[in-house]
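Now for the letters of each chain:
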Amino acid sequence: MFTGIVEEIGTVEAVEHGPEDARLRVRGPLVASDARLGDSICVSGVCLTVTELPGDGTFFADVMPETLRRSALEDVGVSSPVNLERALPVGGRYGGHVVQGHVDGVGTILSRSPGPRWDDVEIGLAPELARYVAEKGSIAVSGISLTVTHVTDESFGVSLIPTTLEATTLGTLAPGARVNLEVDVLAKYTERLLSTAGVLR
């Protein structure tokens, strides 16, 4: 489990494409410093398993066809920046919200309006995902825990504070860029429970 609090911006150093999958080499000195084989690292919102640790501040991870289909990781190439977060340790500080690293869909940045110290960003998403997004609720955008400022059937808004602008990839993404979205898992479980309430009786 993750919390959506990005620890560092990493860099994709290599992408090896297979027939339908891919293998990434990512430079992230902080997250790789205490990583072990098999550990989970959230890469721009996608939970990936560490498969190799060269010991030079990088790690390797395999990306399966399902992940490429459902996420914007298919857009990354050499030198692409990515948000990195290690899995939450037992007893760790819980600073964001429950983030599983299971991407629900891809959104598109529609616009951004700079403020005195922040940016207001509008992100488009599929209607089937919009149903899980609530004003003042939480959503993970490329692995970043954010609070929703407003929502429509086709988009939602977030406000990015200076720390988010400086410490994550959202600080430089322009309109048209694709981002990974993970809606609040509590909303999905609530819907599932309500839809099966009659069956459970």
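Residues numbered from 1 in each chain as written. Predicted model: local features only at pLDDT ≥ 70, side-chain atom pairs only at ≥ 80, totals over all residues. Heavy atoms only, no water.

Notes on the pattern of salt bridges
What counts here: Any Lys or Arg side-chain nitrogen found within 4 Å of a carboxyl oxygen on Asp or Glu counts as a salt bridge. We count a stretch as a helix when DSSP gives it H or I for four or more residues in a row; a strand needs E for two or more, and each element gets its number in order from the N terminus.
All chains considered together, the criterion is met by 15 salt bridges. A salt bridge links R131 to E191; its shortest N-O distance comes to 2.6 Å. Here R131 is found in the loop between helix 3 (127-130) and strand 9 (138-141), whereas its partner E191 is found in helix 5 (residues 185-195), with 60 residues between them in sequence. Connected through shared salt-bridge partners, E13, R25, R27 and D56 make up one network.

Re the sheet that holds strand 7 (residues 105-114)
Worth spelling out the cut-off: At least two bridges found by DSSP between two strands are what make those strands a pair. As a rule, the C-alpha atoms of each element are fitted with a line to give its axis, helices using only the stretch in contact, and angles between N-to-C directions run from 0 to 180 degrees.
Judged by pairing direction, the barrel is antiparallel, and its six strands sit side by side in the order 7-8-11-10-9-12 before closing back on the first. The sheet shows a mean angle of 45° between the axes of neighbouring strands, taken without regard to direction. As paired elements, strand 9 and strand 12 (residues 178-183) share three bridges and run antiparallel to each other. Residue I139 lies in a different strand from strand 12, and its bridge partner there is V183.

Overview of unusual backbone geometry
Glycine aside, residues mostly have negative phi angles, and peptide bonds mostly take the trans form. Applicable threshold: Each residue's exposure class comes from its accessible area (1.4 Å probe, protein chains only) as a fraction of the maximum for that residue type: buried when under 20%, exposed when over 50%, partly exposed otherwise.
Despite not being glycine, S44 has its phi angle at roughly 50°, a positive value. Mapped onto the elements of the fold, S44 is located in the loop between strand 3 (40-43) and strand 4 (46-52). The backbone of K136 sits at a positive phi, close to 70°, despite the residue not being glycine. Exposure remark for K136: the relative accessible area of 60% places this residue in the exposed category.

Quick word on the sheet that holds strand 4
Read once around its circumference, the closed barrel built from six strands follows the order 1-2-5-4-3-6, with strand pairing classed as antiparallel. The average undirected angle you get between the axes of adjacent strands in this sheet is 45°. In the sheet, strand 3 pairs with strand 4 via four bridges, with the strands oriented antiparallel. Following the sheet pairing, V43 is matched in strand 4 by V46.

Section: the nonpolar core
What counts is decided by this rule: Here, nonpolar core refers to any group of buried Ala, Val, Leu, Ile, Met, Phe, Trp, Tyr and Cys residues whose side-chain atoms link them within 4.5 Å. Any pair of residues with heavy atoms lying within 4.5 Å of one another is described as a contacting pair.
Within the largest apolar cluster, 22 residues are counted, with the highest numbers of intra-cluster contacts made by I123, V141, F156 and L170. Breaking this core down by element, the ones donating at least two residues are strand 8 (119-124), helix 3, strand 9, strand 10 (144-151), strand 11 (155-160) and strand 12. Aside from chain neighbours lying at most four places away, what touches L170 is I109, R112, V141, I144, L146, L160 and V179. Counting 19 residues, the second-largest nonpolar core is a separate cluster that includes V26, I41, L48 and L68.

As for the side chain of S155
Quick reminder of the rule: Pairs of N or O atoms are called polar contacts if they sit within 3.5 Å, as long as, within protein, a hydrogen donor faces a hydrogen acceptor (for residues adjacent in sequence, only side-chain-to-side-chain pairs).
Here S155 lies in strand 11. Among the polar contacts made by the side chain of S155, one reaches the side chain of E122 at a distance of 2.6 Å. In this structure S155 touches L110, E122, I123, G124 and L125, once residues within four positions along its chain are discounted.

Purely spatial values, then, with no claim about function.
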